[in-house]
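Coordinates in review
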Amino acid sequence: HRPGSALFATAQSGKYASNLWANLSEKIKNSPLKHYVKAKSGKGSEVLTFPGRSTLEPFPPTRDSLHSQTPNVVLIDEGWSQTLDSAAALMQAVRPAMITRRDRQIWIISAMGDERSAWLDQLIEQGRASLDDPNSTTCYIEYAPDPESDPYDPEVWEYHPGLGWLITLQDLAQEAQPTANTHADFMRSFMNISLKNRSTVVDLDRWTQLGDLV
């Protein structure tokens, strides 16, 4: 952390970005950090100010959203929701705004995508390739079980980074039920494995539904 850093966060839309900011603000208000962090709420003026004058603000994922701003860090949540076109517009807002910051960082956080998530697919491909490049400036972290393992075996779920403090094994067991999620949705949202490039003779979602009738 450097004093005076400007951090900005966005998500699927301006509304979701504001919700993300509001949830974080509420957590801070209910924690010991409330004595150190100032929260200013108001439409178009949400900002958290930390000791050292660093700030965190939400912004909508649009082309002109960061004009006149110079972020040190930009956080993009739910990257899977961005299409190639919307991501291009978002990057036109982010990259020029950050260009004068020597310590600039872009953080993109996401579960695996669906058939519309071509931008995220490109990022994943580039991220995995960066692991073999000692000169890469990319930090790529992927949480997922072995693709060959049984995704419905609770022992496989131990990989989940939120297990034990954000979610429980019981939570995942409920989401694994066919009444809660299709096979493809469970794999994408909770196992972080995309099935969109896989093909099977039998429709796996239909197969899962038929299993309840036996």
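In what follows, the structure referred to is the one given above.
Here the structure is a predicted model, which is why all the values come from computation and not from measurement.

**Re the overall build of the chain**
Secondary structure assignment for the chain yields six helices and six strands. Sequence-ordered secondary structure for the chain, helices as α and strands as β, is β-α-β-β-β-β-α-β-α-α-α-α. Referenced to the eigenvectors of the C-alpha coordinate spread, the extents of the chain come out at roughly 60 × 40 × 35 Å. Burial status across the chain gives 32% buried among its 214 residues. Carbon and sulfur atoms provide 53% of the accessible area of the chain, an area that totals close to 13,900 Å². Placing the 20 positive and 27 negative side-chain charges of the chain at their respective mean positions leaves the two points 15 Å apart.

**A closer look at helix H2 (residues 84-98)**
The end-to-end C-alpha separation of H2 is 21 Å, in line with the 21 Å expected for 15 residues at 1.5 Å each. Those residues of H2 not exposed but buried are Ala87, Ala89, Leu90, Met91, Ala93, Val94, Ala97 and Met98. Of the surrounding secondary structure, the elements contacted by the buried residues of H2 are strand S1 (6-10), strand S5 (73-77), strand S6 (105-109) and helix H3 (118-130).

**Structural notes on the packing of aromatic side chains**
Tallied over the entire structure, the rule returns four aromatic pairs. Aromatic pair tyrosine 152 and phenylalanine 186: ring centres 5.2 Å apart, planes at 15 degrees, arrangement stacked. With tyrosine 152 in the loop between H3 and helix H4 (169-175) and phenylalanine 186 in helix H5 (residues 183-189), this pair connects stretches of sequence that are 34 residues apart. The class of tyrosine 152 is partly exposed, set by a relative accessible area of 31%. Judged by relative accessible area, which is 1%, phenylalanine 186 ranks as buried. Both rings, one in tryptophan 157 and one in phenylalanine 186, keep their centres 6.4 Å apart while their planes meet at 70 degrees; by these two values the pair is edge-to-face.

**Observations regarding the pairing of S1**
In summary, the side chains of a regular strand alternate between the two faces of the sheet. S1 sits mainly inside the fold: four of its five residues count as buried. Sheet topology note: the S1/strand S4 (residues 55-58) ladder contains four bridges and is parallel. When the bridges of S4 are listed, alanine 6 appears paired with threonine 55.

**Structural notes on the side chain of serine 25**
For serine 25, the position within the fold is in helix H1 (residues 14-29). With relative accessibility at 3%, the residue serine 25 sits in the buried group. What serine 25 contacts, discounting residues up to four positions off in sequence, is Ala39 and Leu48.

Cut-offs used in this document
- Residues numbered from 1 in each chain as written.
- Predicted model: local features only at pLDDT ≥ 70, side-chain atom pairs only at ≥ 80, totals over all residues.
- Heavy atoms only, no water.
- Helix = DSSP H or I, 4+ residues; strand = E, 2+ residues; numbered from the N terminus.
- Buried < 20%, exposed > 50% of the residue type's maximum accessible area, 1.4 Å probe, protein only.
- Areas by Shrake-Rupley, 256 points an atom, 1.4 Å probe, with all protein chains shown as cover.
- Lys, Arg positive; Asp, Glu negative; His and termini not counted.
- Charge placed at Lys NZ, Arg CZ, Asp CG, Glu CD.
- Expected span 1.5 Å × (residues − 1).
- Contact = heavy atoms within 4.5 Å.
- Phe/Tyr/Trp six-rings, centres within 6.5 Å; stacked < 30°, edge-to-face > 60°.
- Pairing = 2+ DSSP bridges.

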